[in-house]
Number of protein chains: 2
Amino acid sequence: MMKKIEILKEKGFSDKSFTKLTIQDSLYLRILNFNFKAGQELPIHSHDVEGELSILVIEGSGEFLGKDGLVLPANIGDILVSDISEPHGIRAKTDMRVVVTIAPPL
Amino acid sequence: MMKKIEILKEKGFSDKSFTKLTIQDSLYLRILNFNFKAGQELPIHSHDVEGELSILVIEGSGEFLGKDGLVLPANIGDILVSDISEPHGIRAKTDMRVVVTIAPPL
């Protein structure tokens, strides 16, 4: 089944916490959109399962977070690819939208 | 293994044909960046295998193409999710960058 989502017209931002939209959740792919207000973050975490994920910045800028204090600039068009089992996180410096893709879904 | 790619600093555009960058090609995910000059397209095609793909526009605008002549506007932040076995394609109206994610890889 084919479907199109206009991410910029879906979830907005919230002062309370980042917002999350599930775009796809199937046998093959989980695709999520997270929107962060400046200063908000998805803290470093990991899951002890097989598989990989990508985090792609589509608006704004911030930082990708990794293990041992790793901090990488995260600007529009930057994509992080990681094992699901590796520690990863995101911190927003400006209002920031990212798309996270997970395969296989947890 | 964690890696970061700055898509906007990688492949440019070509007058001859769209350009393609392989960002990831593992057991779990294939992630590709396609850059189209205005007017270029990835013609409608499909593969008779299980799995799904997403096409996310990160720069410029154009159209997602589907079966039976389906044409959907494709602007920044728009994402198309499709079975790999369904006909799909992309046509650029302006210079346009997209990220295609395929799971499982063909």
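Engineer: In this structure, what is going on with the interface of chain B and chain A? I would like to understand it.
Structural biologist: Many analyses report the size of an interface as the accessible area lost when the parts associate. Taken together, the contact pairs 35 residues of chain B with 35 residues of chain A. Secondary-structure elements contributing two or more residues to the side of chain B that touches chain A are strand 1 (3-6), strand 2 (19-25), strand 5 (52-59), strand 6 (62-66), strand 8 (78-83) and strand 10 (96-103) of chain B. Of the residues belonging to the side of chain B that touches chain A, the class tally is 20 nonpolar, 8 polar and 7 charged. Of the strand pairs in this sheet, strand 8 (residues 78-83) of chain A and strand 1 of chain B are connected by 4 bridges, and their pairing is antiparallel. The partner of L80 of chain A across the bridge, within strand 1 of chain B, is K4 of chain B.

Engineer: Mind showing me how you'd approach the relation of the copies chain B and chain A here?
Structural biologist: One copy of the chain maps onto the second through a rotation around an axis plus a translation along that axis. When chain B is fitted to chain A, the residual RMSD is 0.0 Å, and the transformation amounts to a turn of 180 degrees plus an axial shift of 0.0 Å. Such a turn and shift between the copies fits a two-fold axis. Here 100% of the interface residues in chain B have copies in chain A that are interface residues too; the copies meet face to matching face.

Engineer: Would you mind going over the nonpolar core with me for this structure?
Structural biologist: Proteins that are soluble and globular tend to have nonpolar side chains buried together. Counting 48 residues, the largest nonpolar core has L56 of chain A together with L56 of chain B as the members making the most contacts within it. Not counting residues within four places of it along the chain, the set of residues in contact with L56 of chain A comprises I79, V98 and V99 of chain A together with L56 and V99 of chain B.

Engineer: Sorry, what's going on with unusual backbone geometry here?
Structural biologist: Most peptide bonds adopt trans geometry, and most residues besides glycine take a negative phi value. All names here are of chain A. Here A103 and P104 are connected by a cis peptide whose omega angle stands at -10 degrees. Counting through the fold element by element, P104 comes out in the segment after strand 10 (96-103). The backbone phi angle of D68 is positive, close to 55 degrees, even though this residue is not glycine. One can find D68 in the loop between strand 6 (62-66) and strand 7 (71-74).

Thresholds applied
- For every chain, the first residue of the written sequence is number 1, and numbering continues from 1 onward in sequence order.
- Think of it this way: whatever chain is written first is A, whatever ligand is written first is 1, and the rest follow in order.
- Where totals are concerned, whole chains, interfaces and linings use all residues; where local detail is concerned, this predicted model gives features only for residues with pLDDT of at least 70, and gives and counts side-chain atom pairs only at 80 or more.
- Once C-beta atoms are placed from the backbone, any two residues with those atoms within 7 Å are in contact.
- Strands are runs of DSSP state E lasting at least 2 residues, helices are runs of H or I lasting at least 4, and numbering of each runs from the N terminus.
- Each residue is assigned to one class: nonpolar for Ala, Val, Leu, Ile, Met, Phe, Trp, Tyr, Cys and Pro, charged for Asp, Glu, Lys and Arg, and polar for all the others, Gly among them.
- Strand pairing requires that DSSP identify at least two bridges connecting the strands.
- Here the copies were fitted onto each other by least squares, based on C-alpha atoms from residues at pLDDT of at least 70 in both.
- Note on terminology: a nonpolar core is a set of buried residues of type Ala, Val, Leu, Ile, Met, Phe, Trp, Tyr or Cys, with members joined through C-beta atoms within 7 Å.
- Working definition of burial: number of other C-beta atoms within 10 Å of the residue's own, with buried at 20 or more, exposed at 12 or fewer, and partly exposed in between, all C-beta atoms being placed from the backbone.

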